[in-house]
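Read off the chains here:
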Amino acid sequence: MCRWAAYLGAPIFLSEILTAPAHSLIMQSRAATECKTAINADGFGLAWYDKRPEPGLYRDVYPAWSDPNLAALADQVQSPLFLAHVRASTGTATSRNNCHPFVQGRWSFMHNGQVGGFDQFRKSADMLIDDALYSARRGATDSEALFLIACGLGLDEDPRRAFEAAVGKLQWMAGRHGFAGPLIRCTAALSDGETLYAIRYASDHLAPSLYYQWHDTRCGWAVVSEPYEEDASEWHAVPAGSFCRFTKEAVEISEFAPLQPAQAA
């Protein structure tokens, strides 16, 4: 599994979450505590927003702790909204195109989890991507497929319903192909440059961890796979089966329930 962190609020240096805290995201890349694999060394990525509607994107295949460019960038770049991810591959190759976050237009997306048995129906899953978006399919991960499918299902108009439809389609496919394990596990973050969204869902009872916190000093929200501070008392665990909408003023948490393919049509 992977680890990730997202932020929305007054501009801060990326290092305030990526490198400075005792259990920063970079520390989690080699010593995560709330996931199956403590080491997340199969690449990393950043998507950040500033003056333009489309996000900047920096990804590479090195372990996050070993790239001095990442540390230098985090020390210099300020942003009011960013997504950061350290990857532990669930089977696909370690390549830049498979590193999160993924970007399409003004949208950015990152994911921790997996679609069960995806290799058995990858071609069928790719067929769910809208024709106008298929040229954006660069890698081979289930995460990128999920994102692009949702982009074609009305992400601009209704992000929750788009992902309920996309997750529902892939979950149905996993079941149809007889996968015996969990059909899907998904903790994800996405943004259009204005609002930050997060999802926590699993088809079984083992949804990956997800927390959020309002930081008074920074005047912003942090949303993370696991707390980056040793004192986790101020962090709130997101319930499984939740869709979160963060604005600069508030958070709204609602139910996340994948749609059956007939409902999503």
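A short tour of the structure in this document, coming up. (Residues numbered from 1 in each chain as written. Predicted model: local features only at pLDDT ≥ 70, side-chain atom pairs only at ≥ 80, totals over all residues. Heavy atoms only, no water.)

**Focus: helix α5 (residues 142-151)**
- Counting buried residues along α5, 10 of its 10 residues qualify, which places the element largely inside the surrounding structure.
- All buried positions along α5 are accounted for by D142, S143, E144, A145, L146, F147, L148, I149, A150 and C151.
- The secondary structure elements touched by the buried residues of α5 are β5 (102-104), β6 (107-115), α4 (122-126), α6 (159-176) and β7 (184-191). (Buried < 20%, exposed > 50% of the residue type's maximum accessible area, 1.4 Å probe, protein only. Helix = DSSP H or I, 4+ residues; strand = E, 2+ residues; numbered from the N terminus. Contact = heavy atoms within 4.5 Å.)

**Brief notes about the pairing of β6**
- Taken across its 9 residues, β6 has 8 buried, putting it largely inside the fold.
- Once β5 ends, the chain turns through 2 residues before running back antiparallel as β6, passing G105 with a positive phi of about 60°.
- Bridge count for β6 against β7 is 8 bridges, and the pairing is antiparallel. Within the sheet, the bridge partner assigned to H111 lies in β7 and is A188. (Pairing = 2+ DSSP bridges.)

**A closer look at the sheet that holds strand β9 (residues 211-215)**
- Judged by pairing direction, the sheet is antiparallel, and its 7 strands sit side by side in the order β3-β2-β4-β1-β10-β9-β11 without closing on themselves. For this open sheet the edge positions go to β3 (56-60) and β11 (236-237), each flanked by a neighbour on one side alone.
- In terms of strand pairing, strand β2 (residues 44-49) meets β3 through 5 bridges, oriented antiparallel. Across the sheet, the residue bridging to L46 is Y58, located in β3.
- Across the sheet, helix α3 (residues 68-76) touches β1 (3-13), β2, β3 and β4 (78-86), and the angle it forms with β2 is around 20°. (Axes fitted to C-alpha atoms, helices over the stretch in contact; angles between N-to-C directions.)

**A closer look at the nonpolar core**
- With 34 residues, the main nonpolar core has F147 and F163 as its most contacted residues.
- The set of elements that each furnish at least two residues to this core consists of β6, α5, α6, β7 and β8 (196-202).
- When residues no more than four places from it in sequence are discounted, the contact partners of F147 are F102, V103, Q104, W107, F109, L155 and F163.
- Membership of the second largest hydrophobic core comes to 25 residues, among which are A74, A84, Y211 and V224. (Core = buried A, V, L, I, M, F, W, Y, C linked by side-chain atoms within 4.5 Å.)

**Considerations on the packing of aromatic side chains**
- Taken as a whole, this structure holds 14 aromatic pairs when the rule is applied.
- Ring geometry for F109 against F147: centres 5.2 Å apart, planes inclined by 5°, an arrangement best described as stacked. A residue pair is termed long-range when its members are at least 10 positions apart, and F109 in strand β6 and F147 in helix α5 qualify at 38 residues.
- Judged by relative accessible area, which is 0%, F109 ranks as buried.
- By relative accessible area, which is 1% here, F147 ends up buried.
- Plain terms: the ring middles of Y228 and W235 are 5.1 Å apart, the flat faces sit at 85° to each other, and that makes the pair edge-to-face. Like Y228, the residue W235 is buried in the burial classification. (Phe/Tyr/Trp six-rings, centres within 6.5 Å; stacked < 30°, edge-to-face > 60°.)

**Notes on the side chain of H23**
- Looking at the secondary structure, you find H23 in the loop between α1 (15-18) and α2 (25-31).
- We classify H23 as buried; its relative accessible area is 15%.
- A polar contact is formed between the side chain of H23 and the side chain of E226, at a distance of 2.5 Å.
- Setting aside its immediate chain neighbours within four residues, H23 contacts Q28, A31, T33, E226, P227, Y228 and E229. (Polar contact = N/O pair within 3.5 Å; in protein donor to acceptor, adjacent residues only side chain to side chain.)

**Brief notes about the packing of α5 against α6**
- At a minimum axis distance of 8 Å, the contact between α5 and α6 shows a crossing angle of 130°. When the axis of α5 is compared with that of α6, the two are oblique. With respect to the hand of their crossing, α5 and α6 are arranged in right-handed fashion. Contact residues: α5 offers L146, F147, I149 and A150, while α6 offers A162, F163, A166, V167 and L170. (Parallel < 35°, antiparallel > 145°, perpendicular 65-115°, else oblique. Left-handed = near helix turned anticlockwise from the far one by under 90°.)

In short, geometric facts, not functional conclusions.
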